[in-house]
Amino acid sequence: MSILSSTPASQDYRPVDKAVMKRLATIFPQDRISNSEVDLFTYAYDATKKQYPPQVVVWPETAEEISALFSIANEYRIPVYPRGAGTGMTGGALALRGGILVSMERMDSIIEIDEKNRLVTVQPGVVLATLKTELQKKGLFYPPDPSSAKTATIGGTLAECAGGLNCVKYGTTKDWVQSIKAVLPTGEVIRAGTKARKNVVGYNLLQLIVGSEGTLAIITEATLRLIPYPPHRSTFVAQFDSVRNSANAVQSMLQSGVTPCALEFIDRISLEAAHSHVEDKTLPVCDALLLVEVDGFDLDEVKRDSHVLSKICADNGANEITLANSEEERQACWDIRRSLSPAMYAKAPYKTNEDICVPSSQFPTLLEKAYEIADRNHVLTLCFGHAGDGNIHVNFMSHKEKDPDVEKAVDELFQAVVALEGSISGEHGIGITKAPYLAYEMNEKERSLLVDIKKVFDPAGILNPDKIVV
Ligand SMILES: Cc1cc2nc3c(=O)[nH]c(=O)nc-3n(C[C@H](O)[C@H](O)[C@H](O)COP(=O)(O)OP(=O)(O)OC[C@H]3O[C@@H](n4cnc5c(N)ncnc54)[C@H](O)[C@@H]3O)c2cc1C
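Keep in mind that what you see is a predicted model, and the values were worked out from it rather than measured.

The rules behind each value
Residues numbered from 1 in each chain as written. Predicted model: local features only at pLDDT ≥ 70, side-chain atom pairs only at ≥ 80, totals over all residues. Heavy atoms only, no water. Helix = DSSP H or I, 4+ residues; strand = E, 2+ residues; numbered from the N terminus. Rg over C-alpha atoms; globule rule 2.2 N^0.38 Å. Contact = heavy atoms within 4.5 Å. Pairing = 2+ DSSP bridges. Salt bridge = Lys/Arg side-chain N within 4 Å of Asp/Glu carboxyl O. Buried < 20%, exposed > 50% of the residue type's maximum accessible area, 1.4 Å probe, protein only. Near = heavy atom within 4 Å. Polar contact = N/O pair within 3.5 Å; in protein donor to acceptor, adjacent residues only side chain to side chain. Areas by Shrake-Rupley, 256 points an atom, 1.4 Å probe, with all protein chains shown as cover. Core = buried A, V, L, I, M, F, W, Y, C linked by side-chain atoms within 4.5 Å. Axes fitted to C-alpha atoms, helices over the stretch in contact; angles between N-to-C directions. Parallel < 35°, antiparallel > 145°, perpendicular 65-115°, else oblique. Left-handed = near helix turned anticlockwise from the far one by under 90°. Phe/Tyr/Trp six-rings, centres within 6.5 Å; stacked < 30°, edge-to-face > 60°. Expected span 1.5 Å × (residues − 1).

A. Quick peek at the overall build of the protein. The helix and strand inventory of the protein stands at 15 helices and 18 strands. Scaling as 2.2 N^0.38, a compact globule of 470 residues should have a C-alpha radius of gyration of about 23 Å, and the protein matches this with 22 Å. C-alpha atoms of the protein, sized along the principal axes, occupy 70 × 55 × 45 Å. Long-range pairs, those at least 24 residues apart, make up 74% of the contacts in the protein between residues at least 6 apart in sequence.

Structure, rendered in structure tokens:
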């Protein structure tokens, strides 16, 4: 079967036919528009591994081109899907109804590094790690650091309000956005936020668009907040023979007054998966491992803080604590941590990756519940993640693409999370994979507010339809 024929038919939306292609060709030169099967196939995926080929891919270079694209899309009622690097975990960039896929990867300039105001202005296609490297050369730091930083784009991280490895100290993407320029689905270009640190003018459009998963507007420029790069770091690995002890150590560390910049939990089976996925065995296999990092501007202080936290681990039963003795060792720890998500496939071909988040006091209970639910449903689970935020990736593995046991486990997990006053998504968003569960966390009125907001931004329903609220 041709991949084109797998595009779901829709009565509501018009397909991209020759007439539409002709109109689009008035905006995009030949090398920035394609409906070749190779391109449609390439842009059909994200990290969910689901496959929805668009009918055409365009690579805009300006907000004006996107605006012109929207006027055609409105006229013909064609769905439009913005896409960064396609590392999204919940299907946000998937072209569910075919339509026009807008790849932002050519809008990849770092426009201005404003050292005086500690701000950087970028286009959305800039890869996060590239930006971080450029900033570090100038002694500046943009903290958001999802494990996908080497691939994910600024636009994608803003749209998903990405979290990652150092939120425990620095917060998530939304805490580092100063302003954005965006094109509305109606074609108008807006700015939300200014260069001023404080701004209480009107409703907070900036924070409405950040985290809206590409359903309200296409971000074409962002001004991000920076701080000086903390030059000193101390990183250690604490091994536990009990998950409960490691979770208790996390609690004690968070109450100690010393804030680590990263506090990650990895369970035994995730470590085993990592060992079969990467050659480097820097992270040992044990029942529960905490990977802890402290950063700062004063080396003695960093060492002191690191000592305080490692002692807490020892007091909570860590049987071995290993300090990274060099930058290479430190990097090795983080490279392995970043590889965990793909490493899971060493255990089974299908993965349902949840990113639930609970108040930190509930973190030990959450872990127990996750394992209990997996056992009860006879599903293999691997847990790792951002323990310092109470945000854990519970991965249910399966040998079947559609597995009723996994579906039951997910359902029970979400119910447990909500009962613990937590959230069904701490960082990956709702997209399509979690949309059926939105009602677990938001009541009817709350969901209807989302629908109403979407209608105000996108009256014709052409931007990334069928996502979040269905
Ligand atoms: C190995 C791995 C590790 C990961 N680790 C983390 C982690 O630690 N923390 C975390 O939070 N996430 C993590 N993720 C998920 C993912 O990397 C993030 O959600 C990231 O923000 C997606 O960026 P992207 O550029 O790939 O966006 P895409 O996947 O291309 O798109 C994501 C969403 O953003 C929208 N979008 C993209 N660009 C724009 C734009 N310019 N304007 C408006 N909307 C836009 C899309 O429509 C879509 O809804 C991980 C993913 C992988 C594969």
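B. Structural context of the sheet that holds strand β1 (residues 33–34). Here four strands make up an open sheet; going across it, the order is β1-β2-β4-β3 and the pairing mixed. Taken across any chain shown, the strands that pair with only one partner, and hence form the sheet edges, are β1 and β3 (80–83). Where strand β2 (residues 56–58) meets strand β4 (residues 100–103), three bridges bridge the pair, whose relative direction is parallel. Looking at the pairing, V58 lines up with V102 of β4.

C. Geometry of the pattern of salt bridges. As enumerated under the stated definition, the model contains 30 salt bridges in all. Salt-bridge contacts for D17 lead to R14; the nearest nitrogen and oxygen are separated by 2.7 Å. Overall, the relative accessible area of 33% leaves R14 in the partly exposed class. The residue R338 makes a salt bridge to D145 at a minimum N-O spacing of 2.8 Å. Note that R338 is positioned in helix α11 (residues 327–343) and D145 in the loop between β7 (140–141) and α5 (154–160), a separation of 193 residues in sequence. You can call D145 buried: its relative accessible area is 11%.

D. Structural detail: the site of the ligand. Around the ligand lies a shell of 36 residues, among which P82, T87, G88, S148 and T153 are the nearest. Interatomic distance of 3.2 Å between a backbone N/O atom of G156 and an oxygen atom of the ligand. A distance of 2.8 Å separates an oxygen atom of the ligand from a polar backbone atom of G163. Look at the ligand: alone it shows 980 Å² of surface, and the protein chains cover 95% of it.

E. Local environment of the nonpolar core. Within the largest apolar cluster, 47 residues are counted, with the highest numbers of intra-cluster contacts made by M253, F265, L290, C313 and F396. Those elements that place two or more of their residues in this core are β12 (232–240), α8 (243–254), β13 (262–267), β14 (288–296), α10 (299–315), α12 (363–376), β18 (391–398) and α13 (404–419). Those residues in contact with M253 that lie beyond four places of it in its chain are V258, L263, L290, V292, L309, I312 and C313. With 31 residues, the next largest nonpolar core counts L128, A149, A192 and V210 among its residues.

F. Expanded view of the packing of α8 against α12. Remark: α8 packs on α12, axes separated minimally by 8 Å, with the N-to-C direction vectors making an angle of 155°. Put simply, α8 runs roughly antiparallel to α12. In this structure, α8 crosses over α12, and the sense of that crossing is right-handed. Between α8 and α12, the residues in contact are V243, R244, A247, N248, V250 and Q251 and F363, P364, T365, L367, E368 and Y371, respectively.

G. Structural context of the packing of aromatic side chains. With the rule as written, the count across this model stands at eight aromatic pairs. Pairing F414 with Y437 gives two aromatic rings, centres 4.9 Å apart and planes at 80°, and the pair type is edge-to-face. Of this pair, F414 sits in helix α13 while Y437 sits in the loop between α13 and α14 (438–441); the two residues are 23 residues apart in sequence, bridging distant segments of the chain. Judged on exposure class, the residue F414 and its partner Y437 are both buried. The rings of F141, Y170, W176 and Y229 are connected pair by pair, giving a single aromatic cluster.

H. How the structure looks around the pairing of β12. In terms of burial, β12 is a largely internal element, seven of the nine residues being buried. Pairing between β12 and strand β15 (residues 320–323): four bridges, direction antiparallel. The residue bridging F236 from the neighbouring strand is L323, located in β15.

I. Structural detail: unusual backbone geometry. Of note in the backbone geometry, E421 takes a positive phi value of approximately 65° without being a glycine. The topology assignment puts E421 in the loop between α13 and α14.

J. Layout of α8. In a regular helix each residue adds 1.5 Å, so twelve residues correspond to 16 Å; α8 covers 17 Å between its end C-alpha atoms and thus fits that length. All buried positions along α8 are accounted for by S246, A247, A249, V250, Q251 and M253. Buried residues along α8 sit against β12, β13, β14, α10 and α12.

K. Spotlight on the sheet that holds strand β9 (residues 189–192). Judged by pairing direction, the sheet is antiparallel, and its five strands sit side by side in the order β5-β6-β10-β8-β9 without closing on themselves. One side of each edge strand has no neighbouring strand; the edge strands of this open sheet are β5 (110–114) and β9. Pairwise comparison of adjacent strand axes, ignoring direction, gives a mean angle of 10° for this sheet. In this sheet, strand β6 (residues 119–122) lies alongside β5 in antiparallel orientation, the contact comprising four bridges.

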